[in-house]
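Given next are the chains, with one letter for each unit.
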Amino acid sequence: MSEIPSVTVAGSALQELLPPLSEQEAVTESARCLMCFDAPCTHACPTHIDIPRFIKKISTGNLLGSARTILESNLLGATCARVCPVQELCEGACVLGAEHKPIAIGRLQRHAMDYVYGRKIDVFHAAKSIDKKVAVVGAGPAGLACAGELAKLGVSVTLYEKRELPGGLSTYGIIVLREPVEVALAEVAMIERLGAKLEVGKEVGVDPAVADLQNGFDAVFIGIGLGNSPQLGIPGEEYILDGLEYIEDSKLQPAQLHVGRDVIVIGAGNTAIDCATVARRLGAERVTMLYRRTQKEMTAYPHEYAFVKLEGVTVSFLSKPVKVHHENGVVKGLECVRIALGEADASGRAAPKEIPGFNMVLPADQIVKAIGQDKLSLASRLDLKTDRGFIRVDANLETSSPGIFAGGDCIRARGSASTVMAVQDGKLAARAIYQRLVNHG
Amino acid sequence: MADLRTNFAGIRSPNPFWLASAPPTNSGAQIHRAFEAGWGGAVWKTIGAPVLNVSNRYGSWRYGNEKMLAINNVELISDRPMEVNLREIAEIKRAWPDRAVIVSAMVESKPEAWHDVIRRIQDTGADGIELNYGCPHGMSERGMGSAVGQVPEYCQEITSWVMEVAKIPVIVKLTPNISDIVMPARAAVAAGANAISLINTVNSIMGVDLDTLDITPSIAGRGGHGGYAGPAVKPIALNMLAALGRDSVVHNSGLPISGMGGISTWRDAAEFLLLGASSLQVCTAVMHYGFRIIEDLCDGLSNWMDAKKLGTISEVVGRSLRQVSDFKDFDLSFKVVARIDQQKCIRCDLCYVACNDAAHQCIDLIDRNGQLTAPAAYNPSSNGRVEAVSTRPSVVVREDDCVGCRLCFNICPVENCIQMVEVPPDRPSVTWDELTAKQPEIAEDWDQMERYRQKMGIRIH
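Just so it is clear, the model here is predicted, and its values are computed rather than measured.

Peer 1: How should I be thinking about the overall build of chain A in this particular structure?
Peer 2: Assigned secondary structure in chain A consists of 16 helices and 15 strands. Here the C-alpha radius of gyration of chain A, 22 Å, is about what a compact globule of 441 residues would show, namely 22 Å. Taken over the C-alpha atoms alone, chain A extends approximately 70 × 55 × 45 Å along its principal axes. Counting every position in chain A, which comprises 441 residues, the buried fraction comes to 51%. Relative to all contacts within chain A whose residues are 6 or more apart in sequence, the contacts with residues 24 or more apart total 72%.

Spelled out as structure tokens, the structure:
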């Protein structure tokens, strides 16, 4: 396992954006919570953490009980406390939001999580073994949540991760500003201590073979996420960097990450925002995000867009890249065409139409693309039915192949993919798997 | 501008606000600054028998984000030599002739001791004397303070000794640590006192330290009861104040009452005036925020009096006393119901759970289609701000079942969101006293009560 880089230390350009709440801040903030009954924040949370309950426990100094309340609903509470788009979830639904300031739920959750992780307290312990084996493919948020929930129930879990480090996007794809690597790895370690066996560098389909999985385990959970950015199909694309790899380098080998002076980020989703933020923080003079539609259609959360503007990033809307200009592989600029928006397309958003004759070349010495992620091929190798490339599952997260369950970004055909949704998938799948194991003797 | 000037048993002050006998009135320097800030008077911290104090003498009760909802203390009377206090009292009175300077005193229960201290106080030029019969800790163990106040006979006897030599108004300060506050007040009247003040602090143990298991605050590992004061005691003080106002002996004596116990704002002050206090004493709020609070005490009171067209303090004093009644005189037919303003409601559902768990189960959750629904009725796969907010049910009172208990009104976090609305009574006005005078059997027999309820259409929900 690589040594965890020191990029997360205080004072770094990429240090975690929000400082931890002091004990005084946490107590004061928690006392502000009205303790709503059947609280809307809890409804808005995809994992339905009993938020007033954990906040009340902070206000009474019961930090252990607070952490337990969070982890009962969401085993990756430390990650979610940092990466959740709380404005769209719990805090967005806070009844104090309309006329006051919503409760800082995310930061209070982090306070409770920091308490147990900082003191190396294990809130849960493995139950007595029920002598059943489950393979979990992919040690990202969905797989970790599923593995942890099953381990808690006494199931023997093997977690296969093809990368060198576990944690999935929490380790590789969430910028340090939001979540330091060590937070994700601490959660993995907690799930390992619950009894889940982690095998890194193991790509299912290669080693172990698919057949090993199907024969050696009572059930399988697939939480493999998605792949790299799809192809734009433009000349010179080989000189464009992949957004997730760009972020990965910023987290795991920041010293080696070369950041341009004039950086263009293609895309306007949350990953594009993160790429632009990293580029600015690591020294780019100008960072321009390029999007073929307008602010209205962009998939980044409004608060993320507001944030990146404050970081000094500009966004060029209604622009579509058509060609990379380079000299012997050294990027010089990106040629774009002007776009007009037409009727709504299949995604419900206005379809972009090129306006010929308005091409322009934006100067750039580095171009990064973050335009979504390709689907991975494991589904077809397992012969699973898909929906637009995403693995198709039923209400219990079970795929078309009985005993094989899936969750996380690889099933998220609709709605926005997020860590907390993946955690909920993993949790619900674990419950369904457990029922199946118990029912099938 | 309302006239805030006060004449209390002949003691004049430019406004009714006096600092209570307590740490803020420990020295001439403090009182000098208090008078500069605008305080109308000050009751000097009790002088008398020699004492020694301890550290960690104040405890506080924190509730939520309120750091000092109440304070308790085991500080004794003034630990400065009596000569020093008397000299400073004289200096302050000379420097501030228009302010009320009252001196609190407590000595051994001997006529000579009391005669001596009263004479020495009078020599300073002070405007009045307050007899501290209330201090519940330390001094009471030595037979002073509340040890006197809790026994009306002692209270009367010592007051009589004082009145033998007193040439300036004498105020008897009562302890609330007694079953009937009227008894020591009557004793003060009988002894010829000029005025009464109340309440002194309440016996209390502030808490236990959950780390050390010591009493908090810990005095070298020990702790005990101390005098409890501050915002949390205000309702207790108001009740005792009203009890004196309603007692014919005390009321007919014409003795003015100086009210205290948790006065923090002009609103508290107005309430004490309305229930019969004609001067007001403040301590805890000053210990929390300093002398500067006098500005809003006066300003707020004056503006309120102007708005109410009450020109002088005496027009305010006792005005609400006649409203204070016993249960037996309440109108049983009076009816209010809770009504929730759906525009103001933020849907915290605190009223719902309170009504459902602790009151009379008459608030319903109604979904967006107008149908009755249950808490957390949403599908577990539902999430997100938009869905959580847009599908949240409304809280609606079933007014037919509402007993008008007022619990929801009390806990609603939004100003004026829940109103207790008076509805026409469904039976003729009658009090318990009137009813049971005519039909005594219904107070004694549940079957008779049931017949009465059926006849009157009273349905108990």
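Peer 1: How should the sheet that holds strand E6 (residues 66-73) of chain B be read in this particular structure?
Peer 2: Backbone-to-backbone hydrogen bonds pair the strands of a sheet. The strands run either parallel or antiparallel. Residue and element names in this part refer to chain B. The sheet built from 4 strands is open, its strands ordered E5-E6-E14-E11 with antiparallel pairing. Edge positions in the sheet fall to strand E5 (58-63) and strand E11 (202-204), since each of these pairs with one other strand and no more. Averaged over neighbouring strand pairs, the angle between their axes works out to 45° when direction is ignored. The pairing of E11 with strand E14 (residues 226-229) spans 3 bridges and is classified as antiparallel. Following the sheet pairing, Ser204 is matched in E14 by Gly226.

Peer 1: How should the pairing of strand E2 (residues 156-161) of chain A be read in this particular structure?
Peer 2: In summary, the side chains of a regular strand alternate between the two faces of the sheet. Residue and element names in this part refer to chain A. Bridge count between strand E1 (residues 133-137) and E2: 5 bridges; the pairing is parallel. Bridge pairing links Val136 to Leu159 in E2. Assessed by its sense of winding, the connection that carries the chain from E1 through helix H8 (residues 141-152) to E2 is right-handed. For E2 and strand E3 (residues 197-200), the ladder comprises 4 bridges, and the chain directions are parallel. Paired with Leu159 across the strands is Leu198, a residue of E3.

Peer 1: I'm lost on helix H4 (residues 63-73) of chain A in this one. Help?
Peer 2: Along an α-helix, a turn takes 3.6 residues, which lines up residues three or four apart on a common side. Those residues of H4(A) that fall on the buried side of the exposure criterion are Leu63(A), Ser66(A), Ala67(A), Thr69(A), Ile70(A), Leu71(A) and Ser73(A). Turning to H4(A), the residues buried within the fold contact helix H3 (51-59), helix H5 (77-83) and helix H7 (105-118) of chain A.

Analysis parameters
Residues numbered from 1 in each chain as written. Chains lettered and ligands numbered in written order. Predicted model: local features only at pLDDT ≥ 70, side-chain atom pairs only at ≥ 80, totals over all residues. Helix = DSSP H or I, 4+ residues; strand = E, 2+ residues; numbered from the N terminus. Rg over C-alpha atoms; globule rule 2.2 N^0.38 Å. Buried ≥ 20, exposed ≤ 12 C-beta atoms within 10 Å, placed from the backbone. Contact = placed C-beta atoms within 7 Å. Pairing = 2+ DSSP bridges. Axes fitted to C-alpha atoms, helices over the stretch in contact; angles between N-to-C directions. Right-handed = clockwise from strand over helix to strand, strands pointing away.

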